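Chains, contacts and geometry: an overview
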Amino acid sequence: PVPKSFFEALDRESCKRVLGLSLKKPTVLCIAGNLTEERKGGPILKEILESDAQNHCQFTLIGESNGLNNPEVKSLGFVQDELTLRIAYNAADVLLHPAQVDNLPNTVAESMSCGTPVLALNTGGLPEMVIPNKTGWLVEEMNSSAMIKRLKSVVQSKQANEFRQSTKETARKLFNEETVADGYFKAFKHALSE
């Protein structure tokens, strides 16, 4: 489950100001314990950050980012406090999740709970979370050029703003504490009845 606090609304412009971000460019957030790790999409993220995508948006990174140093990118390092995470999710227009292998990532659930749509690769459990044109976008090809192309399209279209409410509503149905607890209760009850 995602803690209830993630569902509380925060003003996006205020969150951008707190993080020192421009109000004029869309913000793309990327979070992982180690952003350079191949399993977490590090090589893809590196190519995205070196591309001309920065002409269309600003990037904020949370996590270990050695090797991704770029003066144009806002790096918050490894963040452990919930409030800073919530501010970052709410400041973002899009969460970029470039992992080529993943099951049900917490960062995606947290982002959606804050109403921030997700751009991810169509892999693992992500299609169960990211509903195209409702909670974000899935990229079929597992490479940086396909993600760059889709990212540019997303930030230029400003579609992300249209998906904020449906993203939050979907997250509330999937990840709130009561729903998850009820699912576990039903599973345990079913297992015990057999």
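Remember, it's a predicted structure, so these values are computed and weren't measured experimentally.

1. Things to note about the layout of surface pockets
Of the voids in this model, the largest pocket is the one considered here, and its volume is about 290 Å³. Residue lining of the largest pocket: 15 residues in total, with Arg12, Lys16, Lys25, Pro26 and Asp93 positioned closest to the centre. Going through the elements one at a time, helix H1 (12–18), helix H6 (144–157) and helix H7 (159–175) are the ones with two or more residues in the lining of the largest pocket. At three residues, H1 tops the list of elements feeding residues into the lining of the largest pocket. Its residues assigned to classes, the lining of the largest pocket shows six nonpolar, one polar and eight charged. Roughly 240 Å³ of volume is contained in the second largest pocket. Along its surface, the second largest pocket is lined by Pro1, Val2, Pro3, Leu104, Asn106, Ala109, Glu110, Glu128, Met129, Leu174, Phe175 and Val180. Where the lining of the second largest pocket is concerned, the elements lending two or more residues are helix H4 (106–113), helix H5 (126–129) and H7. Among the residues forming the lining of the second largest pocket, the class breakdown is nine nonpolar, one polar and two charged.

Basis of the calculations
Within each chain, residue numbers correspond to sequence positions counted from 1 in written order. In keeping with the model being predicted, local features are shown solely for residues with a pLDDT of at least 70 and side-chain atom pairs are shown and tallied solely at 80 or more, while totals for entire chains, interfaces and linings include all residues. Where side-chain values are given, they derive from all heavy atoms of the structure, hydrogens and water being excluded. Cavity: a set of points on a 1 Å grid over the protein atoms alone where a 1.4 Å probe fits but cannot get out. Pocket: an open set with protein on both sides within 12 Å along at least five of seven lines, its lining residues, like those of a cavity, having an atom within 4 Å of a point. Grid points are joined across faces, edges and corners, and a volume is the space filled by probe spheres set on the points. The way it works is that DSSP assigns letters per residue, a run of H or I at least four long becomes a helix, a run of E at least two long becomes a strand, and they are numbered from the N terminus. Any residue that is not Ala, Val, Leu, Ile, Met, Phe, Trp, Tyr, Cys, Pro, Asp, Glu, Lys or Arg is counted as polar, Gly included; the first ten are nonpolar and the last four charged.

As far as function goes, none of this settles anything; it's purely spatial.
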